Amino acid sequence: MTGQTAKTASRCACGSMAVRQVNQFVLNDELWWDSEFSCGACGTYLCGHAGPGPAPDDVREALLTAHGPVRLRLACPVPSLGPVMKVLRESAAISLSQARELAEDLSQEGLAGTLQEMEFLKARLQLRGIHATIGR
Ligand SMILES: [Zn+2]
């Protein structure tokens with residue numbers, strides 16, 4: 001299993017600075033994220049979240065800050081954005097107009113996101129015979 005991890009400082013209830021660690025990875029064909037909190041001073045360990053679905057903004061920001069965004073682009077022009085939009089809508093709860101915008105980004109300058117998000121999307125596109133490449 002490959003994934004991305006980021007650690008951010010977070011204040012513990014005991015008053016010390018503790019570490020919040022977030023992870024994003026692909027598991028069983030789904031995009032997952034989890035978070036945990038650990039304090040070296042008082043020994044507190046909390047499992048914040050673990051489950052499939054899109055990561056919330058603070059988790060994405062931590063990952064993007066630690067690793068930088070990547071861009072996913074369609075490898076070849078497609079005759080119609082329809083199949084691309086279908087994949088996008090299957091992968092996230094988005095509207096038709098949002099899907100169109102994202103599909104246009106994919107076919108032009110590229111869609112930016114975390115590596116795991118783009119790897120996940122790339123695999124979903126590939127299943128429908130749409131080839132995409134990941135770059136910076
Ligand atoms: Zn503590």
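Residues numbered from 1 in each chain as written. Predicted model: local features only at pLDDT ≥ 70, side-chain atom pairs only at ≥ 80, totals over all residues. Heavy atoms only, no water.

Student: Sorry if this is basic, but what is going on with the coordination of the zinc ion here?
Tutor: Reference values for angles at a metal are 109.5 degrees in the four-donor tetrahedral case and 90 or 180 degrees in the six-donor octahedral case. Protein-derived ligands of the zinc ion are Cys12 (SG), Cys14 (SG), Cys39 (SG) and Cys42 (SG), with the metal-ligand distances lying across 2.3 Å. In this structure, the zinc ion is coordinated by 4 donor atoms arranged in tetrahedral fashion, with angles at the metal of 106 to 111 degrees. Overall, the relative accessible area of 41% leaves Cys14 in the partly exposed class. Looking at Cys39, the relative accessible area reads 4%, which means it is buried. (Donors = N, O, S within 2.8 Å, 3.2 Å for Na, K, Ca; no water. Tetrahedral: all angles 85-135°; square planar, octahedral: opposite > 155°, others 65-115°. Buried < 20%, exposed > 50% of the residue type's maximum accessible area, 1.4 Å probe, protein only.)

Student: Is there a simple way to think about the pattern of salt bridges in this case?
Tutor: Pairing between side chains of opposite charge can happen when the charged atoms of each approach one another. Per the counting criterion, the structure on display carries 4 salt bridges. In this structure, the salt-bridge partner of Asp58 is Arg20, at a minimum N-O distance of 3.1 Å. Placement of the pair is Asp58 in helix α1 (residues 57-67) and Arg20 in strand β2 (residues 17-27), with a sequence separation of 38 residues. Residue Arg20 is classed as partly exposed on the basis of its relative accessible area of 22%. One network of salt bridges, with partners in common, ties together Lys86, Glu90 and Arg128. (Salt bridge = Lys/Arg side-chain N within 4 Å of Asp/Glu carboxyl O. Helix = DSSP H or I, 4+ residues; strand = E, 2+ residues; numbered from the N terminus.)

Student: What is the right way to look at the pairing of strand β4 (residues 45-52) in this model?
Tutor: A regular strand carries its side chains on alternate faces of the sheet. Strand direction decides the pairing type here: strand β3 (residues 30-38) and β4, joined by 7 bridges, are antiparallel. Each bridged residue has a counterpart across the sheet, and for Glu36 the counterpart in β4 is Cys47. Linking β3 to β4, which pair antiparallel, is a turn of 6 residues; within it Gly43 sits at a positive phi near 85 degrees. (Pairing = 2+ DSSP bridges.)

Student: Would you mind going over the domain arrangement of the chain with me for this structure?
Tutor: Many authors give the size of an interface as the accessible area that is lost as the parts come together. Entries for the chain in the domain assignment read domain 1 (3-67) and domain 2 (70-135). Placing a centre on the C-alpha atoms of domain 1 and another on those of domain 2 gives a separation of 26 Å. In this complex, domain 1 contributes 11 residues to the contact, which on the side of domain 2 involves 7 residues. In total, about 800 Å² of surface goes out of reach between domain 1 and domain 2, with carbon and sulfur atoms giving 60% of it. Per-residue buried area on domain 1 facing domain 2 is highest for Gln4, Leu31 and Arg60; these three make up 45% of the total on that side. Where domain 1 meets domain 2, there are 1 salt bridge. (Domains from an automatic or database assignment. Contact = heavy atoms within 4.5 Å. Buried area = accessible area lost by both parts, 1.4 Å probe.)

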